[in-house]
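Topology and contacts: notes
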Amino acid sequence: MRSRALAVVSLAVGLTAPTACGGSPRKGPEADPVTLAPSATGTATGQPTAGTSGPPSVGPSPRAWTTPRVNTGSGASLQNRTPDDLCQMVWSPYPVRIEGFTAAQSDEPVPIADSNISSEDLARSGFGTVTYQTAPNCTGSGGVGLQARKPCAPDTVIGPADPCAITPAYTSQPEIPRPGRYTVLVTWRLSKLCTDSSGPCGGLGAAADRPVRAIWPTRLQLNACTKWEPNGGGSYLSQC
């Protein structure tokens with residue numbers, strides 16, 4: 001019985017025992033002070049602690065939206081005209097981006113009459129191969145009306161009042177070009193960034209926070225003519 005009583009007394013050491021008259025409590029041995037680690041999110045006042053990072057994220061981080069590119073097969077067609085018989089302006093009924101274009105001669109050239117070339121040169125002349133390429137601008141000599149002030153290069157955005165410029169050029173030029181008419185088929189790849197279902201964006205499920213880029217082909221059939229300057233001034237390519 002004596003050993004059991006000693007065990008009970010030893011367990012009670014260090015516990016605070018109230019006094020019978022409400023005086024100061026009797027304390028056992030004091031515990032070591034505990035130093036609290038600084039908060040990972042801030043101090044006790046709620047202000048951020050300098051040099052500390054935020055709390056770890058809960059769950060996987062959201063993935064950034066990558067705009068898909070969808071071949072729709074159809075969209076805006078292009079329109080064109082020439083202001084000066086040398087180059088062509090190209091535009092669309094609503095803003096689109098040019099992804100690129102290719103041009104190839106589609107038919108055999110057709111001879112045309114040109115009184116500015118001598119009979120001797122005409123007898124030794126020959127046809128070349130013609131294409132279309134970008135031009136720095138196409139504004140016309142008068143500088144009035146619709147004007148193209150940029151080339152039809154990839155990533156160029158065009159619209160109803162903002163055309164781009166292309167011009168005919170030889171890919172193979174004979175020593176003496178024969179007066180003739182060439183037909184060139186220009187195939188374009190256009191695109192539009194869709195944030196709704198208007199125009200070529202229908203059925204793509206595009207939204208402001210989930211845009212989709214619609215892509216489609218379209219064609220322009222253009223002509224170019226080899227002509228001669230008067231008085232033996234030489235030949236040049238122009239609109240027909």
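Now for a quick tour of the structure. Note that this is a predicted model, so its numbers are computed, not measured. (Residues numbered from 1 in each chain as written. Predicted model: local features only at pLDDT ≥ 70, side-chain atom pairs only at ≥ 80, totals over all residues. Heavy atoms only, no water.)

A word on the pattern of salt bridges
Taken as a whole and judged by the stated rule, the model has five salt bridges. Here Lys 150 makes a salt bridge to Asp 162, at a shortest N to O gap of 2.7 Å. Here the residue Lys 150 occupies a position in the loop between β6 (129–134) and β7 (157–158), and Asp 162 occupies one in the loop between β7 and β8 (164–172), the gap between them amounting to twelve residues. On the basis of relative accessibility, which here comes to 37%, the residue Asp 162 falls in the partly exposed class. Residues joined by salt bridges that share partners form a network here, namely Arg 69, Arg 97, Glu 99 and Asp 155. (Salt bridge = Lys/Arg side-chain N within 4 Å of Asp/Glu carboxyl O. Helix = DSSP H or I, 4+ residues; strand = E, 2+ residues; numbered from the N terminus. Buried < 20%, exposed > 50% of the residue type's maximum accessible area, 1.4 Å probe, protein only.)

Observations regarding the state of the cysteines
Counted under the stated rule, the structure contains four disulfides. Note on cysteine connectivity: Cys 152 is disulfide-linked to Cys 164, with sulfurs 1.9 Å apart. Where Cys 152 bonds to Cys 164 through sulfur, the torsion about that S-S bond is close to 95 degrees, and the disulfide is right-handed. Residue Cys 152 is located in the loop between β6 and β7, and its partner Cys 164 is located in strand β8; the two are separated by twelve residues in the primary sequence. Cys 152 sits in the buried class, given a relative accessible area of 1%. Judged by its relative accessible area of 0%, Cys 164 falls in the buried class. Between the sulfur atoms of Cys 225 and its disulfide partner Cys 240 the distance amounts to 1.9 Å. Classification of the bridge connecting Cys 225 and Cys 240 rests on its S-S torsion, roughly 110 degrees, and on that basis the disulfide is right-handed. Of the two residues, Cys 225 is situated in strand β10 (residues 212–228) and Cys 240 in the segment after β11 (235–238); the sequence distance between them amounts to 15 residues. (Disulfide = S-S within 2.5 Å.)

With respect to the sheet that holds strand β3 (residues 88–91)
Taken in spatial order, the four strands of this open sheet run β2-β3-β8-β6, and their pairing is antiparallel. One side of each edge strand has no neighbouring strand; the edge strands of this open sheet are β2 (79–81) and β6. Across the sheet, the mean angle separating the axes of adjacent strands is 35 degrees when strand polarity is ignored. As paired strands, β2 and β3 are joined by three bridges and run antiparallel to one another. Across the sheet, Gln 79 pairs through a bridge with Trp 91, a residue of β3. (Pairing = 2+ DSSP bridges. Axes fitted to C-alpha atoms, helices over the stretch in contact; angles between N-to-C directions.)

Focus on the nonpolar core
Counting 27 residues, the largest nonpolar core has Val 90 and Trp 188 as the members making the most contacts within it. Filtering out sequence-adjacent residues up to four positions away, Trp 188 remains in contact with Leu 78, Val 90, Ile 98, Gly 100, Phe 101, Cys 152, Ile 166, Trp 216, Pro 217, Thr 218, Arg 219 and Leu 220. Judged by nonpolar contacts, the second largest core, of seven residues, contains Cys 87, Met 89, Ala 135 and Ala 148. (Core = buried A, V, L, I, M, F, W, Y, C linked by side-chain atoms within 4.5 Å. Contact = heavy atoms within 4.5 Å.)

Notes on the pairing of β10
Counting buried positions along β10 yields twelve of 17 residues, so the element is predominantly enclosed. Relative to β10, strand β1 (residues 69–71) runs parallel, the two being bridged by three bridges. By the bridge assignment for β10, Arg 69 is matched with Arg 213. Where strand β9 (residues 180–194) lies against β10, 15 bridges are found, and the strand directions are antiparallel. Bridging across to β10, Ser 191 finds its partner in Ile 215. Between β10 and β11, which pair antiparallel in sequence order, lie six residues; one of them, Asn 231, sits at a positive phi of approximately 60 degrees.

Things to note about the packing of aromatic side chains
Enumeration over the complete set of coordinates arrives at two aromatic pairs. Pairing Phe 101 with Trp 188 gives two aromatic rings, centres 4.7 Å apart and planes at 35 degrees, and the pair type is tilted. You can see Phe 101 sitting in strand β4 (residues 96–105) and its partner Trp 188 sitting in strand β9, a full 87 residues away along the chain. Overall, the relative accessible area of 0% leaves Trp 188 in the buried class. With 6.3 Å between their ring centres and 90 degrees between their planes, Phe 127 and Tyr 182 make a pair best called edge-to-face. (Phe/Tyr/Trp six-rings, centres within 6.5 Å; stacked < 30°, edge-to-face > 60°.)

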